[in-house]
Structure formats: structure tokens, C-alpha cells
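# Architecture at a glance
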Amino acid sequence: MDISTTAITLMATDYRENDKILLLYSPDYGKIAVTARGIRKSTAKLRYAQEPFFFGNFELAERQGRYVLKTCTQQAGFFDLREDIVRYVAGCCVCECVAKFEPEGQPDQQLFVDVAKCLAVLCDANMSAYVATVYFLIDYLRRAGYEANFAECRVCKQHTKRMYLDLQAGGVLCEQCRQPESILLSRVSLNVMQLLGGITVDKLKNVNIPQSQLKECLGVLNKYISHTLGNLNSLSQLVKL
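Let me begin by describing the structure that accompanies this report. Just so it is clear, the structure is predicted and the values come from calculations on it, not from any experiment.

On to the sheet that holds strand E4 (residues 55–63), then. Strand order in the closed barrel formed by five strands is E1-E2-E3-E5-E4, and the pairing between neighbours is mixed. Across the sheet, the mean angle separating the axes of adjacent strands is 50 degrees when strand polarity is ignored. Pairing geometry for strand E3 (residues 30–36) and strand E5 (residues 66–76), over two bridges, is parallel. Paired with Val34 across the two strands is Tyr67, which belongs to E5.

It is worth spelling out the nonpolar core at this point. Counting residues in hydrophobic clusters, the biggest one holds 66 residues, and the most contacted among them are Leu122, Phe136, Leu137 and Leu196. Here the element with the most residues in this core is helix H3 (residues 129–144); it accounts for eleven residues. Those residues within four positions of Leu122 in sequence are excluded, and the remaining contacts are Leu81, Arg87, Ala90, Gly91, Val94, Ala129, Ala132 and Thr133.

Next up on the list: helix H6 (residues 233–240). All buried positions along H6 are accounted for by Ser234, Leu235 and Leu238. The arc enclosing the buried residues of H6, seen along the axis, measures out at 100 degrees, which places them on a common side. In the core, the buried residues of H6 are packed alongside helix H1 (85–101), H3 and helix H5 (211–228).

Attention now moves to the state of the cysteines. Per the counting criterion, the structure on display carries zero disulfides. Of all cysteine sulfurs, the one in Cys95 lies closest to Cys72, which takes part in no disulfide; the gap is 16 Å. Overall, the relative accessible area of 3% leaves Cys72 in the buried class. Free of any disulfide, Cys153 has its nearest cysteine sulfur in Cys156, 3.8 Å distant. Accessibility expressed as a relative area gives 0% for Cys153, which makes it buried.

What counts and what doesn't
- Residues numbered from 1 in each chain as written.
- Predicted model: local features only at pLDDT ≥ 70, side-chain atom pairs only at ≥ 80, totals over all residues.
- Heavy atoms only, no water.
- Pairing = 2+ DSSP bridges.
- Helix = DSSP H or I, 4+ residues; strand = E, 2+ residues; numbered from the N terminus.
- Axes fitted to C-alpha atoms, helices over the stretch in contact; angles between N-to-C directions.
- Core = buried A, V, L, I, M, F, W, Y, C linked by side-chain atoms within 4.5 Å.
- Buried < 20%, exposed > 50% of the residue type's maximum accessible area, 1.4 Å probe, protein only.
- Contact = heavy atoms within 4.5 Å.
- Arc of directions from axis to C-beta.
- Disulfide = S-S within 2.5 Å.

And the structure:
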């Protein structure tokens, strides 16, 4: 059975001599693996489909429960991300998050829209890649059921001047409820993550936050995500840039 769907290429892995396995995210089918035969050849007409962030219409053939790429047409490539290392790694972080943590075959149309919007924001030279990434990760954690409420203590629901990230508790604790291993959060990172956790993607253009503060937030999120969901290699790289 052949299917047609819009999708974003999350990543591609070499397979056999000239093939690749494309990991796509579709609003209709969720995360799906697709074999792209001969796509590694220099003469391959569909080579662009293997690029991360590729956005297009895919025609797929189903063969014994697996999908094979027939053809595709480009809608957007988000190729501007390749012109800046920070934006590129930020885009990889968004795609890796979906690739690693989303279950296969479970579509989420809103997540697809959010990924596309975030990649579009990252292409805007006037927008901070760090702002967009912090926003996306906070939103994804909420969607995945691992929201860390930075506004109040997870245990007593109080808010004090000193708040701590507790990985075992899965959130933020106050001075009274914290454990010895809890990590003290700066007031800056708390304020930034509360702000970005309470707005919509179209409001990001109005946000002006120093890069140092945003990178501090990414470091906090990296620890939290590594503990709750798993490691994101691109997020660790982005924190270091």
C-alpha cells in the first residue's frame, strides 16, 4: 500500500552501500523509519530528502510492514540553519528530541506544527537560537508529562527566594523540602524559564534575554532531561557553544 504524507526529516543513518534509513516525523503517521534506496549516490535525484530539517511531501511504498521512499517534493528545507553553527545545533536538538523520545507510529499534529514553527524561528537571524531552544524543551517536557514547575515547590507548593532542582523528585523544591543532592537554581534561570514556559511561540520575537542567562537555563534543562528522558547529545553540545 502506498501512502502520501507531509513530513520532516529528523535524521538519516547509512544503510548498506548506497542506502539510508530516514527517520521522519509526520502529522499523519508520527515517527516513521523509511528506507531510501540509492540516496547516497552522487547522482541520486532525491539526495536532499536525507538532509536534517528537510520539510516536504513524501510518497512512500509499504513493503512487509516497512516503508520505502518512492519520491518527495520539497516544501521547505530550513537550510538557513546550516549557515550558523549555533542555529544548526539548536535545530538538531529539536529534531533529536523528537527522534529519541517520541514513540513510533503515534501521530501528534500539534507537535508537528510546533517543530516546524521552531525550525522556522531558528532560521530567523533576528531571533535568538537559545530562546527558541529553551522554549521548545520546556514545552516538550510539559507535553511528555515531565513538566518541571519552576514557579512553586513540587512538594509543599510554596515559592521561596531559594529554589532547588531535584532530579529524584522530578521538579523544583523549596528551601524546606530540598534534599542534600538538590541543585540550587539561580533567580535568573527561574525567572527566564517561568517566562518562556508561559508564552506562545509567536511571542518569542518580543523576548530579549542575555545569552549567558539562556545558556544557564539550557544547562539546567540538560540535567533534568538527561535524568527524566535520556541524553540529548546536541543539547550537551549547544550548552558548550
